[in-house]
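Breakdown of the fold
Chain by chain, the residues run as shown.
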Amino acid sequence: MNVPVNPFKQALRNRQMQLGLWSGLSSHVTVEVLANAGFDWLLIDTEHSPNELPMVHSQLQAVARGTSHPIVRPTWNDTVVIKRLLDIGAQTLLIPFVENADEARNAVAATRYPPLGVRGYAAAARASDFGRIKDYPHACEAQLCVLLQVETPTALANIEAIAAVEGVDGIFIGPGDLAASMGHIGQIGHPDVVAAIDDALARIRATGVPAGILASDEKLARRWIEQGVDFIAVGSDTGLLARGAEQLAAKFRNAA
């Protein structure tokens, strides 16, 4: 038995744009519904969602029934949190609020066993199919994908240094916190924010590292797809449910 191939990591290496959806409802049922909806990847969020480890475990089991690749966002760039997510089978992580090369190195080290990193060893975790993948400690690194989230002007200024850290597989722009840190909270479409994102995406791609972003606004999503973004989330399950429910209610409320 071999370590499962990470199709998302392979696609990024081949520069095949990967279309994604944010999942913040913290439900294995929701994830199972979305897993065959046609998205290349689903983001299972724990930073801004009421998601805990057993719930993420269930969501990873649910997404396995579909064609979408699960990406898990930890609550923070924390070695212990990252270790636990890897042990339950997450192969791709989106690590938030990375601002410099040292923090990038810490993130990568949390995903590597010694001597390359500081990940703790578990003999029979879900990641190794409960010990059935005998060479898991030696083979897992090739299938792990480390995505780092930059979301402040300081982080954007350090893009080249972050990208140069060995083991970084992609850099993702967090537009909401970037807008807030630029003094435009809630205004992702502000011209200054858009200009900063345009520049950052171009600089990320110039390093040779894949670039990603979340864009629930269709116009902005299409803009950044046309610019050559490598992976992009174009909405969220929370947004789909909330806006869809509102539209359905309004349609019949107005008719009445």
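Description of the structure in this document. Quick caveat: nothing in here was measured; it's all calculated off a predicted structure.

What about helix 10 (residues 191-206)?
A turn of α-helix holds 3.6 residues, and therefore any two residues three or four places apart point the same way. Along its 16 residues, helix 10 runs 23 Å from first to last C-alpha, staying within 8% of the 22 Å computed at 1.5 Å per residue. Every buried residue of helix 10 is accounted for by Val 193, Val 194, Ala 196, Ile 197, Asp 198, Ala 200, Leu 201 and Ile 204. Structurally, helix 10 contributes buried residues whose contacts are with helix 7 (153-157), helix 8 (159-163), strand 6 (170-173), helix 9 (175-181), strand 7 (211-214) and helix 11 (218-226). Gly 208, located one to two residues past helix 10, shows a positive phi value of around 95°.

Some words on the sheet that holds strand 1 (residues 18-23)
As summarised here, the arrangement of the eight strands in space is 1-2-3-4-5-6-7-8, forming a closed barrel in which the pairing is parallel. Strand-to-strand twist in this sheet, taken as the mean axis angle between neighbours without regard to direction, amounts to 25°. Looking at chain direction, strand 5 (residues 145-150) and strand 6 are connected through four bridges and run parallel. The residue bridging Gln 149 from the neighbouring strand is Phe 172, located in strand 6.

Let's talk about the pairing of strand 3 (residues 69-73)
In terms of burial, strand 3 is largely enclosed, as five of its five residues are buried. A two-sided burial pattern is seen for strand 3, the buried positions comprising His 69, Ile 71 and Arg 73 on one face and Pro 70 and Val 72 on the other. Relative to strand 3, strand 2 (residues 41-45) runs parallel, the two being bridged by five bridges. Bridging from a neighbouring strand, Leu 42 pairs with Pro 70 of strand 3. Assessed by its sense of winding, the connection that carries the chain from strand 2 through helix 3 (residues 53-63) to strand 3 is right-handed. Direction of pairing for strand 3 relative to strand 4 (residues 92-95): parallel, over a ladder of two bridges.

Brief notes about the packing of helix 10 against helix 11
When two helices pack together, you describe them by how their axes are tilted relative to each other and by the distance separating the axes. Direction vectors running N to C along helix 10 and helix 11 enclose 25°, while the axes themselves pass 11 Å from each other. When the axis of helix 10 is compared with that of helix 11, the two are roughly parallel. Crossing of helix 10 against helix 11: the hand is right-handed. Here Val 194, Ile 197, Asp 198 and Leu 201 of helix 10 lie close against helix 11, whose contacting residues are Leu 220, Arg 223 and Trp 224. When its residues are assigned to classes, the contact of helix 10 with helix 11 shows five nonpolar, no polar and two charged.

Definitions and cut-offs
- Just so you know, the residues in each chain are numbered from 1, in the order the chain's sequence is written.
- Whole-chain, interface and lining totals are the exception, using all residues; otherwise, since this is a predicted model, local features are given only for residues with pLDDT of at least 70 and side-chain atom pairs are given and counted only at 80 or more.
- No hydrogens and no water enter the side-chain calculation; it runs on all heavy atoms of the structure.
- Under the DSSP-based scheme used, a helix requires at least four consecutive residues in state H or I and a strand at least two consecutive residues in state E, with every element numbered from the N terminus.
- Residue count minus one, scaled by 1.5 Å, sets the expected span of a helix.
- Accessibility here uses a 1.4 Å probe with only protein chains present; expressed as a share of the type maximum, an area under 20% marks a residue as buried, one over 50% as exposed, and anything in between as partly exposed.
- Any two residues having at least one pair of non-hydrogen atoms within 4.5 Å are treated as being in contact.
- Note on pairing: two strands pair once DSSP finds at least 2 bridges between them.
- Note on geometry: axes are lines fitted to C-alpha atoms, helical ones only across the stretch in contact, with angles between N-to-C directions running from 0 to 180 degrees.
- The handedness of a crossover follows from its direction of travel: if, with the strands pointing away from the viewer, the path from the first strand over the helix to the second runs clockwise, the crossover is right-handed.
- By definition in this entry, angles of less than 35 degrees are roughly parallel, angles greater than 145 are roughly antiparallel, angles of 65 to 115 are roughly perpendicular, and the rest are oblique.
- Take the far helix as the reference: if the near one is turned anticlockwise from it by less than a right angle, the crossing is left-handed, and if turned clockwise, right-handed.
- Charged residues are taken to be Asp, Glu, Lys and Arg, nonpolar residues to be Ala, Val, Leu, Ile, Met, Phe, Trp, Tyr, Cys and Pro, and polar residues to be all remaining types, Gly included.

All we've got here are geometric facts, nothing functional implied.
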